[in-house]
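A structural walkthrough
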Amino acid sequence: MQALLVDLIKLRMPAGSAPMHRRLYECLRGAIQDGVLSVGALLPPSRVLANELGIARNTVLAAYRQLQLEAYVSSRQGMGTRVERLPLGRTARAMAFTSHSEPRKSDALSARGSRIVAMPRASATQWSAFMPGVPDVSRFPARVWTRLRNACWRNHRAEELCYGYGGHPQLREALSRHLAATRSVNCSPEQIVVTDGAHQAIDLITRLLGDVGDIAWMENPGYWGARSILEANGIGQIPVEVDAEGMRCVEPAAGEAPRFLFVTPSHQYPLGSVMPLQRRQELLSLAHRHGSWIIEDDYDGEFRLSGTPVPAMQGLAGGSRVIYVGTFSKTLYPGLRLAYMVVPLELVASFRAAHADLYREGRLMTQATLAQFIAEGHFASHIRAMRTLYAQRREMLATLIERRLGKDWMMHGEDEAGLHLVMRFPVALEDTLVAREALARGIHVKALSTYFAPGTPAQRGLVLGYACVQEADMVTKFESLLKALQAADRK
Ligand SMILES: Cc1ncc(COP(=O)(O)O)c(C=O)c1O
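Just so you know, these numbers come straight off a predicted model, no measurement behind them.

Turning to the nonpolar core, a few remarks are in order. With 64 residues, the main nonpolar core has Phe130, Phe328, Leu370 and Leu464 as its most contacted residues. It is helix H15 (residues 378-404) that contributes the most residues to this core, nine residues altogether. Not counting residues up to four positions away in its chain, the partners in contact with Leu370 are Trp145, Leu171, Phe328, Leu332, Leu336 and Leu338. Grouped together as the second largest cluster of nonpolar side chains are 38 residues, Leu230, Phe260, Met341 and Tyr451 included.

Written as structure tokens, this is what we have:
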């Protein structure tokens, strides 16, 4: 039966220049709509079909995923991928994003909602020892901020209390100067779109430049937040291995070019490498050849703790094929919810209009305060002070790991940058179990394996944030972590 199915697929595969995953998806969708593949039919395992068609397994997975997204098939662990019943009178378009084969209870999550909450996600508690990605918010210069905010309110203009449109002009001005000086980003103030966090920027980029069924190459391991956003927007994801230089650059097979490449070149999240110039140029040239967009997530690029910073990819590219995303979540505090993206000039009008229509920007008074904070040099000096502090804390934590556990527990090839480091397990130990044991002792750590795409081989270890741990607490918190490791080891 499976052999017959493979022959059928080969026979019905549409010709043309569309990406292979799309053609395969169309072929299978057509077969289901025509009833050639009937309800309950089992699709060939992705590995088998990939071998038979001579294409990458990820291409088959992307096509299956799209069919699942549109409710044509359902897939269960160990049970394969089966054709679902098509509700009468519903077109494929109307079905997009639903995959309930039975009537949904009125209070149930949508299919998309269920997938989103099933993915690794944000912790409810953030301010806690070893929480990755959390800066030392207790050092935020609240007094200076309050003074500037009060001055802004004394002199405010009526339009600053209305909706915004792409960001406060003064903030965009201050940011373009800051980005040119510190990150080699090449942009005019009008190319900056201010957003409510990097998440909103990634959301808008994928919605405006991607269609449901397009493909993104994602670093593996990579940032779970970006994965959730892409999943919610119907963008198929191909996990691409990360080596010591960041995302590997492999030539896509004909018709399999990605629409997006999501990368963290300044400090790979979470493994920590800094992408060298040559790899940046290889990825840029790939994006140029295939008309792909690079989403450059520069989430903690300001915290290069040693060595010289590598220029942002956006600056190298002369601005084309790259959308640069930065955030104040790590440099100031996450609850500020302010971030920005730099978009090519020709896209500015569309991005601003869509941003205004979808999210209704506001908080221009906060943006005005921030602009002043940057212009008066407080931002640069806060970053300098935090860089020194984080370098000390990183050193403290790395020393504790090496002394108490051994050198082989440290991830090698990691650059000294950012707000976290990765502790690898040189012994067989379940990292999710360690994370649970740590939580029971009031410590928040993230299991390294949860940063890997489902179904791909995952390394075990812990992602440990050091920026938010006070020096005085470091040793006792680390002792608690050791106890969690021992408890997990006994189980
Ligand atoms: C790699 C990475 N990108 C983006 C973000 C999100 O930034 P924002 O708080 O601006 O949405 C985070 C937050 O932890 C992150 O770790």
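The rest of the description comes next.
Further remarks concern the site of the ligand. Around the ligand, the neighbouring residues are Gly197, Ala198, His199, Tyr223, Tyr269, Asp297, Tyr299, Thr327, Ser329, Lys330 and Arg337. Here an oxygen atom of the ligand sits 2.6 Å away from a polar atom, N or O, in the main chain of Ala198. The separation between an oxygen atom of the ligand and a polar main-chain atom of His199 is 3.1 Å. Starting from 390 Å² of accessible surface for the ligand in isolation, the protein chains cover 91%. Broken down by element, the shell around the ligand gets its largest block of residues, three residues, from helix H9 (residues 197-209). Partitioning the shell around the ligand into residue classes produces four nonpolar, four polar and three charged.

Take the pattern of salt bridges next. Opposite charge on two side chains lets them pair, provided their charged atoms get close. Under the definition given, this model contains 22 salt bridges. Between Asp203 and Arg207 there is a salt bridge whose closest N-O contact spans 3.2 Å. Note that Asp203 and Arg207 are positioned in helix H9 at a spacing of four residues, about one turn of the helix. Owing to a relative accessible area of 43%, Arg207 belongs among the partly exposed residues under this scheme. For Glu437, the salt bridge is made with Lys491, and the minimal N-O distance between the two is 2.5 Å. Of the two residues, Glu437 sits in helix H16 (residues 431-440) while Lys491 sits in the segment after helix H17 (471-490), which places them 54 residues apart along the sequence. Classification of Lys491 as exposed rests on a relative accessible area of 67%. Salt bridges sharing partners connect three or more residues here, namely Asp136, Arg139, Arg393 and Glu471.

In total, this model carries 12 aromatic pairs according to the counting rule given. Aromatic side chains Tyr269 and Tyr299 sit 5.3 Å apart centroid to centroid with 80° between the ring planes, which places their arrangement in the edge-to-face category. On the criterion of sequence distance, the pair formed by Tyr269 in the loop between strand S7 (260-263) and helix H11 (277-290) and Tyr299 in the loop between strand S8 (293-297) and helix H12 (313-316) is long-range, its members being 30 residues apart. Taken together, the ring pairs in this structure connect Tyr223, Trp224, Tyr269, Tyr299 and Tyr451 into an aromatic cluster. The lysine or arginine in question, Arg321, covers the ring of Trp293, its NZ or CZ lying 4.0 Å from the ring centre. Residue placement shows Arg360 over the ring face of Tyr163; its charged tip is 3.9 Å from the ring centre.

For the rest of this paragraph, the subject is the side chain of Ser74. Within the secondary structure, Ser74 is located in strand S1 (residues 73-76). Taking relative accessible area as the criterion, Ser74 reaches 12% and is therefore assigned buried. For Ser74, the side chain forms a polar contact with the side chain of Glu84, separated by 2.6 Å. Excluding its chain neighbours within four sequence positions, the residues that come into contact with Ser74 are Gln68, Gly80, Thr81, Arg82 and Glu84.

Closest axis-to-axis distance for the H16/H17 pair is 8 Å, and the angle between their directions is 130°. What the angle tells us is that H16 and H17 run oblique. In the crossing of H16 with H17, the sense of the turn from one axis to the other is right-handed. Residues Leu433, Val434, Glu437 and Ala438 of H16 form the contact with H17, whose own contacting residues are Leu481, Ala484, Leu485, Ala487 and Ala488. Class assignment for the residues of the contact of H16 with H17 results in eight nonpolar, no polar and one charged.

On to the domain arrangement of the protein, then. Per the domain assignment, the segments making up the protein are domain 1 (2-112) and domain 2 (159-376). Each of domain 1 and domain 2 was reduced to a C-alpha centroid, and the two centroids are 32 Å apart. The interface of domain 1 with domain 2 comprises 16 residues on the first partner and 16 residues on the second. Where domain 1 abuts domain 2, roughly 1200 Å² becomes buried across the two surfaces, and 52% of that area is made up of carbon and sulfur atoms. Inspection of the region where domain 1 meets domain 2 yields five residue pairs in polar contact (both at pLDDT 80 or more). For the side of domain 1 that touches domain 2, the secondary structure elements donating two or more residues are helix H2 (20-33) and helix H4 (57-69). With six residues, the top contributor of residues to the side of domain 1 that touches domain 2 is H4. Here the residues of the side of domain 1 that touches domain 2 are counted per class, giving eight nonpolar, four polar and four charged.

Calculation rules
Residues numbered from 1 in each chain as written. Predicted model: local features only at pLDDT ≥ 70, side-chain atom pairs only at ≥ 80, totals over all residues. Heavy atoms only, no water. Core = buried A, V, L, I, M, F, W, Y, C linked by side-chain atoms within 4.5 Å. Buried < 20%, exposed > 50% of the residue type's maximum accessible area, 1.4 Å probe, protein only. Helix = DSSP H or I, 4+ residues; strand = E, 2+ residues; numbered from the N terminus. Contact = heavy atoms within 4.5 Å. Near = heavy atom within 4 Å. Polar contact = N/O pair within 3.5 Å; in protein donor to acceptor, adjacent residues only side chain to side chain. Areas by Shrake-Rupley, 256 points an atom, 1.4 Å probe, with all protein chains shown as cover. Nonpolar A, V, L, I, M, F, W, Y, C, P; charged D, E, K, R; others polar. Salt bridge = Lys/Arg side-chain N within 4 Å of Asp/Glu carboxyl O. Phe/Tyr/Trp six-rings, centres within 6.5 Å; stacked < 30°, edge-to-face > 60°. Lys NZ or Arg CZ within 6 Å of the ring centre and 35° of its normal. Axes fitted to C-alpha atoms, helices over the stretch in contact; angles between N-to-C directions. Parallel < 35°, antiparallel > 145°, perpendicular 65-115°, else oblique. Left-handed = near helix turned anticlockwise from the far one by under 90°. Domains from an automatic or database assignment. Buried area = accessible area lost by both parts, 1.4 Å probe.

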